[in-house]
Amino acid sequence: MAVAMTPGGDHTAISGDQCAPSSADGSAPSSDGSSALSADGSGAPSADGSGARAPLPTAGRFRFWFGSQRWEWSPEVFRMHGYPPDAVQPTTALLLAHKHPDDRDHVAEAITRSATDAVPFSSRHRFIDTAGRVHTVMVVADLVTDSDGRAVGTEGFYIDLGPLVTDTAREMFDTRLPEIIRTRAEIEQAKGVLMTMYRIGADQAFEVLRWRSQETNVKLQPLAARLLGDLLELPHVPPEVITAFDHLLLTAHLRVPCDATEPAAADGEN
């Protein structure tokens, strides 16, 4: 669900549901000034007009704008947290206050990473609504980009997995997560190849991939994977280049700042 904003400020989903028009500052009011985000009709009164409270929704939409650090919730996400729509202003502090204590730190890290590195805010965690109910949710998101292709925010869905995550749901998540990681890894590897071959930066490398994807109407991930596979067709690297790289590899530690020389952890992270 990548989202692109047009020069006039409107943004539309490339695939999936259409978003409401956005103002120049990235806000998305509807004609009556209320939130334009919506995932389903579960936040509305009952169809029979009785006014009976509808069941808690199972999905709702959100947006997070990197520049202003502003959140937008659909009525469903408000109700998931126990609030009437637009009863409170969603903020990072409010989000974290609702998170389960055991999940709060990793959600805070995910939000910081999203805003700092301009990556989608995606997570699986628990939060506690105003009535004390614990919700296990999966947050699935993609980037919002402006007319120049720059990432300006992230948008996606809160999906309530229910009071207990079933074995089927957990298996589905555990199966899909490695696939998502693999897909992103292939794109990052292809960027690295372009950066090395053309001596360009990471952003420029991504723009080259994106350009080829748009020009050829081929999705980014399969294009990146094909490029990586085709590297084996290139001529062998000359021995002098291998020798020079050997030297770089064996002496890299000498060029690392002193504050980054701790031994690698068991899982490979510093």
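Rules behind the numbers
- Residues numbered from 1 in each chain as written.
- Predicted model: local features only at pLDDT ≥ 70, side-chain atom pairs only at ≥ 80, totals over all residues.
- Heavy atoms only, no water.
- Helix = DSSP H or I, 4+ residues; strand = E, 2+ residues; numbered from the N terminus.
- Buried < 20%, exposed > 50% of the residue type's maximum accessible area, 1.4 Å probe, protein only.
- Contact = heavy atoms within 4.5 Å.
- Areas by Shrake-Rupley, 256 points an atom, 1.4 Å probe, with all protein chains shown as cover.
- 1 Å grid on protein atoms, 1.4 Å probe; cavity = no way out; pocket = protein on both sides within 12 Å on 5 of 7 lines; lining within 4 Å.
- Points joined across faces, edges and corners; volume = space filled by probe spheres on them.
- Nonpolar A, V, L, I, M, F, W, Y, C, P; charged D, E, K, R; others polar.
- Expected span 1.5 Å × (residues − 1).
- Arc of directions from axis to C-beta.
- Core = buried A, V, L, I, M, F, W, Y, C linked by side-chain atoms within 4.5 Å.
- Polar contact = N/O pair within 3.5 Å; in protein donor to acceptor, adjacent residues only side chain to side chain.
- Salt bridge = Lys/Arg side-chain N within 4 Å of Asp/Glu carboxyl O.
- Axes fitted to C-alpha atoms, helices over the stretch in contact; angles between N-to-C directions.
- Parallel < 35°, antiparallel > 145°, perpendicular 65-115°, else oblique.
- Phe/Tyr/Trp six-rings, centres within 6.5 Å; stacked < 30°, edge-to-face > 60°.

J.: Got a minute to help me understand the overall build of the chain in this structure?
T.: Within the chain, the regular secondary structure consists of seven helices and seven strands. Listed N to C, the secondary structure of the chain is β-β-β-β-α-α-α-β-β-β-α-α-α-α in terms of helices and strands. For the chain, buried positions account for 32% of its 270 residues. The long-range fraction of contacts in the chain, counting pairs at least 24 apart against all pairs at least 6 apart in sequence, stands at 49%. Entry remark: accessible area of the chain is about 16,400 Å², with carbon and sulfur atoms responsible for 58%.

J.: Just checking my understanding: could you explain the layout of surface pockets for this structure?
T.: Of the pockets and cavities examined, the second largest pocket occupies roughly 380 Å³. Considering the residues around the second largest pocket, the lining is formed by T196, M197, R199, L234, P235, V237, V241, I242, A244, F245 and L248. Ranked by residue count, the leading element in the lining of the second largest pocket is helix 7 (residues 239-251), at five residues. Split into classes, the residues belonging to the lining of the second largest pocket amount to nine nonpolar, one polar and one charged.

J.: Can you walk me through helix 5 (residues 202-216) in this structure?
T.: Because the α-helix completes a turn every 3.6 residues, residues three or four places apart line up on one side. In this model helix 5 runs 21 Å from its N-terminal to its C-terminal C-alpha over 15 residues, within 8% of the 21 Å that 1.5 Å per residue would give. Residues of helix 5 that are buried: A205, L209 and S213. The buried residues of helix 5 occupy an angular sector of 75 degrees when projected down its axis, which confines them to one face. Opposite its buried face, helix 5 presents the exposed residues D203, Q214 and E215, each directed more than 90 degrees away. N217 lies just past helix 5 and shows a positive phi near 60 degrees.

J.: What should I look at first to understand the nonpolar core in this one?
T.: Generally speaking, a soluble globular protein has its nonpolar side chains buried in company with each other. With 21 residues, the main nonpolar core has F62, W71, W73, I111, F121 and Y158 as its most contacted residues. Mapped onto this core, the elements with two or more residues apiece are strand 3 (59-65), strand 4 (70-73), helix 1 (75-80), helix 2 (92-98), helix 3 (104-117) and strand 6 (134-145). With nine residues, the next largest nonpolar core counts I187, V193, L220 and A224 among its residues.

J.: Looking at this model, I keep getting lost on the environment of D146. Mind explaining?
T.: One can find D146 in the loop between strand 6 and strand 7 (151-160). A distance of 2.9 Å separates a polar atom in the side chain of D146 from the backbone nitrogen of D148.

J.: When you look at the pattern of salt bridges in this model, what are you seeing that I'm missing?
T.: Enumeration according to the criterion identifies 11 salt bridges in this entry. Residue E155 is joined to R61 by a salt bridge in which the shortest nitrogen-to-oxygen separation is 3.5 Å. One end of the pair, E155, is in strand 7; the other, R61, is in strand 3, and 94 residues separate them in sequence. The exposure class assigned to E155 is buried, which follows from its relative accessible area of 0%. On the basis of relative accessibility, which here comes to 3%, the residue R61 falls in the buried class. A salt bridge links R63 to E72, with the nearest nitrogen and oxygen atoms 2.9 Å apart.

J.: Please explain the environment of V88 as it appears in this structure.
T.: Summarising the element assignment, V88 is placed in the loop between helix 1 and helix 2. Along the backbone, V88 and F78 are 10 residues apart, and their C-alpha atoms lie at a distance of 8.4 Å. Not counting residues within four places of it along the chain, the set of residues in contact with V88 comprises F78, Y83 and L94.

J.: How should I be thinking about the packing of helix 5 against helix 6 (residues 220-230) in this particular structure?
T.: Between two packed helices, the angle of one axis relative to the other and the distance separating the axes together describe the packing. Helix 6 packs onto helix 5 with a crossing angle of 110 degrees between their chain directions and a minimal axis gap of 9 Å. On the basis of their axis angle, the class for helix 5 and helix 6 is roughly perpendicular. Contact residues: F206, L209, R210, R212 and S213 in helix 5; L220, L223 and L227 in helix 6.

J.: Just to check I follow, could you spell out the packing of aromatic side chains for this structure?
T.: Each aromatic ring pair is specified by the distance between its two centres and by the angle formed by the two planes. Counted by the stated rule, this structure contains eight aromatic pairs. Summarising the aromatic geometry, the rings of F62 and F121 are spaced 6.0 Å apart at their centres and angled 80 degrees between planes, so their arrangement reads as edge-to-face. On the criterion of sequence distance, the pair formed by F62 in strand 3 and F121 in the loop between helix 3 and strand 5 (123-128) is long-range, its members being 59 residues apart. Per residue, the accessibility class of F62 equals that of F121, and both read buried. Ring centres of F62 and Y158 lie 5.6 Å apart, and the angle between their planes is 85 degrees; on these two criteria the pair is classed as edge-to-face. Of this pair, F62 sits in strand 3 while Y158 sits in strand 7, and the two are 96 residues apart along the sequence. Residue F62 is classed as buried on the basis of its relative accessible area of 0%. With relative accessibility at 0%, the residue Y158 sits in the buried group.

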